[in-house]
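Descriptive analysis of the structure
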Amino acid sequence: MPDAAEFSPEGPAEPSAVPDSPADNDDFDEDFDVIDFFEAMVAEDELKEASAEPEGIAAEGELQGTGDEPSTDDAVLLEAEDIEEVQEEEEETDPPLTPVPAAPSVGEPTGTPILVGGDDFINSEATLVAYDSPDGPREVLLTHISEEAEEKLLDALSIPGTHMEEVQVEEEVKERLGLDKEKKLAELTKTAVSSVQHKLKTGSEMSDASIAKHQAAVDAVSAVLDDPSISDDEKAMAQHYMDQLDVVKDKIDNGGTVMPWMDAYEVTETKMVTKQIPVPDGDPEPGTLAATVRKASRIKANLDPATGQTSWDGVTRSSANGTEYEIDMGDGWKAVYRPYKDNNPAKTEFSLRGQLEVHAPAGAGHGKDLVDRLEQLHLMNKPMTAAEGEWTYLANNIRAQSMEGSAGMKAAMETAQGLQDLQVQEIVHQRMESLMGLDSDALQTAMKRIHLEASHKVLPMKVEVVRDAVAKASGFSSGAELAASPGYEPTPATGGKWLTWSRFDVTGNTTGIQAAFKGRSLTHNLNGGDLASLLGTGVLASTEKRAVMGIGGGLGMSEQSDKMTGGANSVFLRVKKTPSSPGGGRLIWDDPSVLMQRSDYYAYNGDHYGAINPAHHNYNAGAITRDPMKIAKFTGSSNELMFRNGIDLLGAEAPSRIVCHTAAERSSILASLTSRGITQLGGKPVEDVLCTEADY
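Here's a quick rundown of the structure. For clarity, every value in this text was computed on a predicted model and none was experimentally measured.

1. Examining the overall build of the chain
The number of helices and strands found in the chain is 23 helices and 23 strands. A burial count over the chain gives 50% of its 696 residues as buried. In the chain, the proportion of contacts linking residues at least 24 apart, taken out of those at least 6 apart, comes to 77%. Of the roughly 31300 Å² of accessible surface on the chain, 50% is carried by carbon and sulfur atoms.

Spelled out as structure tokens, the structure:
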């Protein structure tokens, strides 16, 4: 909407457009891929051993033992410890891009942004928030999982109504008679009907083949009718088919319109059958977490305008349009998840799909545990390293620059996945002896560790393969040339309130972007919002972010609509001719390249409420774009440019002009910023950035 959506409607977490990126992905079908794959490998190894080792020697080896070898369970445990040691060594040589704090700052509205390795989370982002409360800090991890990762999470849960149990019940069923099945009367009759039907539809003459099929059916049915020993039901069945065949005979002789569909003869019987039925209140299946289905909700926090601190009692929630699961993780821990699966995009809030909250017990110091606990939900639970960061950077650039369909990209992704699969097989072969004999649960755990280890080992090779494909798709001769180019920045900006990934086609072409936007700026109108309060938090936040920060609703002009379109996960800006006399309550970026280097934006040259929900009438796949050169040419008065989560107004993304309504408002804001030690915004003195309507 024109300026209506500008305070901070959101552009949702876009559906991932990048092919399922395989990096650090322990996503595998636990019922088939792990067990069946392992058993197949066991069989293969046994076959090799049987052909290579004389039977007597093998038997002797089985009977003899040193007595010093660890048991199978101990061996797996030792290997698990070895993996942890390897991961600790890797952390020393490749430390996390965003270290996880033991205790997030209490009351900080935007929380502490972190990056989690792998592909389970959109842009690999998560946030640790410590709400102030009478019972001590309420520490929560907030993130948005990708739709591709949902099956893993659901596999960790026991959801009421989805646990199935076999029961014997009496049921009326319709079945063909045994004599019909034995003599194949239905099949013969249907063959005759179909053959003649085809001739009637096409207006063709009856063929000898059609006549022969009819006669074969008549002979079989007549033989049954002529048998004096058949029962009344069997006689009625045979007569049913003969009546059908009489109609076929008439069509063979006289032609005419097509015949009605022929049904087989069936009788109703009462039988005991085994059925799978849902058990609403059954105990959780072993190894799963109990989940309760309820109406969707959001944390109802409160932001104190005087102190700038956010608080929440750990209980109060606001209602939302959709469904969520409350998950008991044990020991006072819980999670809340809003599934893609149970939230119809045509009827529920699109922006909440995939949102996950993990809640620690009251008290401080749970920061690292909040990340570790993701493993209970079968999700990646390690901070992202620099090597993993380059993979995410490449994935974001593939999506932002629409390179998914580029020549060689699909093959590169398949090669990358193949490298990881081979690494998994190699590790399994190396540890076959210790893995054999494990029960199903232990094997699942061991295989998860193996997949994680394999992903770490093979990651550099996968990055190299995909980097080469991205380079060729974007005009570079090789991945090495791309990596050496000035715009290649494979780590996110982590200095502000948000974590953002850049796109090398912009960072490497700042002059070109500035030329494309010459005479044009990016603007945001607060529409009556309080500029001082906005700068007090320091961020222009999306509707969804404002909710968990404790900022009340009603600040955006189309908040409810944006939740349905998915725009509620983003803030909205407009491309406009650089204003020479701007009104108050405006943020202006006269150098759009400051924001256009981000990889998470999308835009419409018109009012679409930031729609990324394919089921919403405002969504238009043909009109949406991520191309900065196209965005620079927008002429629609209600065009909209959406940035995920929000914009850090006090950091590197600060606007070049903040237009106050009055000199008094400017003085008040300037005093507030100065008292907080903020003397520059975007490299300029605060005094030069803050201005008033009267200055123009």
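2. Things to note about the sheet that holds strand β7 (residues 289-299)
Spatially, the 8 strands line up as an open sheet ordered β1-β2-β3-β12-β11-β10-β7-β4, and their pairing is mixed. Two strands lie at the open edges of the sheet, namely β1 (112-115) and β4 (157-158), each paired on one side alone. The sheet contact formed by β7 and strand β10 (residues 317-330) spans 8 bridges and is antiparallel. Bridge pairing links K295 to T323 in β10.

3. Looking at the pairing of strand β16 (residues 586-589)
Taking every second residue as pointing to the same face, both faces of β16 are buried, with R586 and I588 on one and L587 and W589 on the other. Both strand β13 (residues 520-525) and β16 contribute to a ladder of 4 bridges, which runs antiparallel. When the bridges of β16 are listed, H524 appears paired with L587. Pairing analysis gives 3 bridges linking β16 to strand β20 (residues 657-660), with the strands arranged antiparallel. In the strand pairing of β20, R586 is matched with V659.

4. Brief notes about the side chain of H214
By the element assignment, H214 lies in helix α7 (residues 208-225). Exposure remark for H214: the relative accessible area of 7% places this residue in the buried category.

5. Some details on the pairing of β10
Strand direction decides the pairing type here: β10 and strand β11 (residues 333-337), joined by 5 bridges, are antiparallel. Residue E326 lies in a different strand from β11, and its bridge partner there is V336. Two successive antiparallel strands, β10 and β11, enclose a turn made up of 2 residues, where D331 displays a positive phi of approximately 60°.

6. Examining the pattern of salt bridges
The final tally for this structure, using the stated rule, is 23 salt bridges. Here R338 ties to E357 by a salt bridge, and the two come within 2.3 Å at their closest N and O atoms. Taken together, the positions of R338 in the loop between β11 and β12 (355-359) and E357 in strand β12 put the pair 19 residues apart, joining distant regions of the chain. Side by side, R338 and E357 carry an identical accessibility label, which is buried. The shortest N-O distance in the salt bridge between R467 and E390 comes to 2.9 Å. Here E390 lies in helix α10 (residues 386-400) and R467 lies in helix α13 (residues 440-473), a separation of 77 residues in the sequence. When salt bridges with common partners are traced through the structure, they connect R294, R317, E324, E326, K334, R338 and E357 into a single cluster.

7. Describing empty space enclosed by the protein
Tallied over the entire structure, the rule returns 7 cavities of 30 Å³ or more. In this structure, the largest cavity spans a volume of roughly 400 Å³. Considering the residues around the largest cavity, the lining is formed by 23 residues, among which L142, T143, H144, K545 and N645 are closest to the centre. Among the elements of the structure, β2 (121-131), β3 (138-145), β7, β12 and α18 (543-549) are those that each provide at least two residues to the lining of the largest cavity. A per-class count over the lining of the largest cavity returns 10 nonpolar, 6 polar and 7 charged.

8. Some points on unusual backbone geometry
Although it is not a glycine, K184 sits at a positive phi angle of roughly 55°. For K184, the location among the structural elements is in the loop between α5 (178-183) and α6 (185-202). With a phi angle near 65°, H378 is a residue other than glycine that sits in the positive phi range. Looking at where H378 falls in the secondary structure, it is placed in the loop between α9 (367-372) and α10. Residue classification places H378 among the buried positions, given a relative accessible area of 12%.

9. Here we look at the environment of L374
Structurally, the position occupied by L374 is in the loop between α9 and α10. Between the alpha carbons of L374 and V358 there is a distance of 8.0 Å; along the sequence they are 16 residues apart. Excluding residues within four positions of it along the chain, L374 makes contact with F121, L141, L356, V358, L379, M380 and N381.

10. A few points about the sheet that holds β13
Across the sheet, 7 strands lie side by side as β17-β18-β15-β13-β16-β20-β23; this open sheet has mixed pairing. This sheet does not close on itself; its edge strands, each paired only once, are β17 (602-604) and β23 (690-692). The sheet shows a mean angle of 30° between the axes of neighbouring strands, taken without regard to direction. By the bridge criterion, 3 bridges tie β17 to strand β18 (residues 640-644) in an arrangement that is antiparallel. Considered in β18, the bridge of A603 is made with L641. Helix α22 (residues 663-675) contacts β20 and β23 of the sheet and is inclined by roughly 170° relative to β23.

11. Notes on the packing of helix α11 (residues 409-430) against α13
Viewed as axis vectors pointing N to C, α11 and α13 meet at an angle of 155°, and their least axial separation amounts to 8 Å. What the angle tells us is that α11 and α13 run roughly antiparallel. In this structure, α11 meets α13 at a crossing whose hand is right-handed. Classifying every residue of the contact of α11 with α13 gives 18 nonpolar, 5 polar and 3 charged.

12. A word on the packing of aromatic side chains
Each pair of aromatic rings is reported with the distance of its centres and the angle of its planes. For the coordinates displayed, the defined rule picks out 5 aromatic pairs. Here the aromatic rings of Y131 and W312 are separated by 5.7 Å at their centres, their planes lie at 70°, and the arrangement is edge-to-face. Separated by 181 residues along the polypeptide, Y131 in strand β2 and W312 in the loop between β9 (310-311) and β10 bring together distant segments of the chain. Each of the two residues, Y131 as well as W312, counts as buried. When the ring of Y393 is compared with that of Y488, the centres are 5.0 Å apart and the planes differ by 90°; the resulting orientation is edge-to-face. Remark: Y488 occurs in the loop between α14 (479-484) and α15 (504-507) and Y393 occurs in helix α10; sequence separation between them is 95 residues. Y488 matches Y393 in its accessibility class, with the two residues each being buried.

13. A few points about the environment of D372
Mapped onto the elements, D372 comes out in helix α9. Residues D372 and K382 lie 10 residues apart in sequence; the distance between their C-alpha atoms is 7.1 Å.

Thresholds applied
- Chains are numbered independently. Their residues run from 1 in the order of the written sequence.
- The model is predicted, so local features are restricted to residues of pLDDT at least 70 and side-chain atom pairs to those at 80 or more, both for listing and for counting; the totals for chains, interfaces and linings are taken over all residues.
- Hydrogens are left out, water is left out, and the side-chain values use all remaining heavy atoms of the structure.
- Strands here are runs of E lasting at least two residues and helices are runs of H or I lasting at least four, both read from the DSSP assignment and numbered beginning at the N terminus.
- Only protein chains enter the accessibility calculation, which uses a 1.4 Å probe; a residue is then buried when its area is under 20% of its type maximum, exposed when over 50%, and partly exposed in between.
- The contact definition used throughout considers only heavy atoms, calling two residues in contact when any of these lie within 4.5 Å.
- Note on areas: Shrake-Rupley with a 1.4 Å probe; residue coverage comes only from the protein chains shown.
- Think of it this way: DSSP has to see at least two bridges between two strands before they count as a pair.
- A pair is scored as a salt bridge if a Lys or Arg side-chain nitrogen falls within 4 Å of a carboxyl oxygen belonging to Asp or Glu.
- Cavity: a set of points on a 1 Å grid over the protein atoms alone where a 1.4 Å probe fits but cannot get out. Pocket: an open set with protein on both sides within 12 Å along at least five of seven lines, its lining residues, like those of a cavity, having an atom within 4 Å of a point.
- Grid points are joined across faces, edges and corners, and a volume is the space filled by probe spheres set on the points.
- Charged residues are taken to be Asp, Glu, Lys and Arg, nonpolar residues to be Ala, Val, Leu, Ile, Met, Phe, Trp, Tyr, Cys and Pro, and polar residues to be all remaining types, Gly included.
- With axes taken as lines fitted to C-alpha atoms, and helix axes fitted only over the stretch in contact, angles between N-to-C directions fall between 0 and 180 degrees.
- Between 65 and 115 degrees an angle is taken as roughly perpendicular, under 35 as roughly parallel, over 145 as roughly antiparallel, and anywhere else as oblique.
- In this scheme the handedness of a crossing depends on how the near helix is turned from the far one: anticlockwise by less than a right angle means left-handed, clockwise means right-handed.
- Ring pairs are drawn from Phe, Tyr and Trp, using the six-membered ring of Trp, whenever the two centres fall within 6.5 Å, and their geometry is named by plane angle: stacked under 30 degrees, edge-to-face over 60, tilted for the rest.

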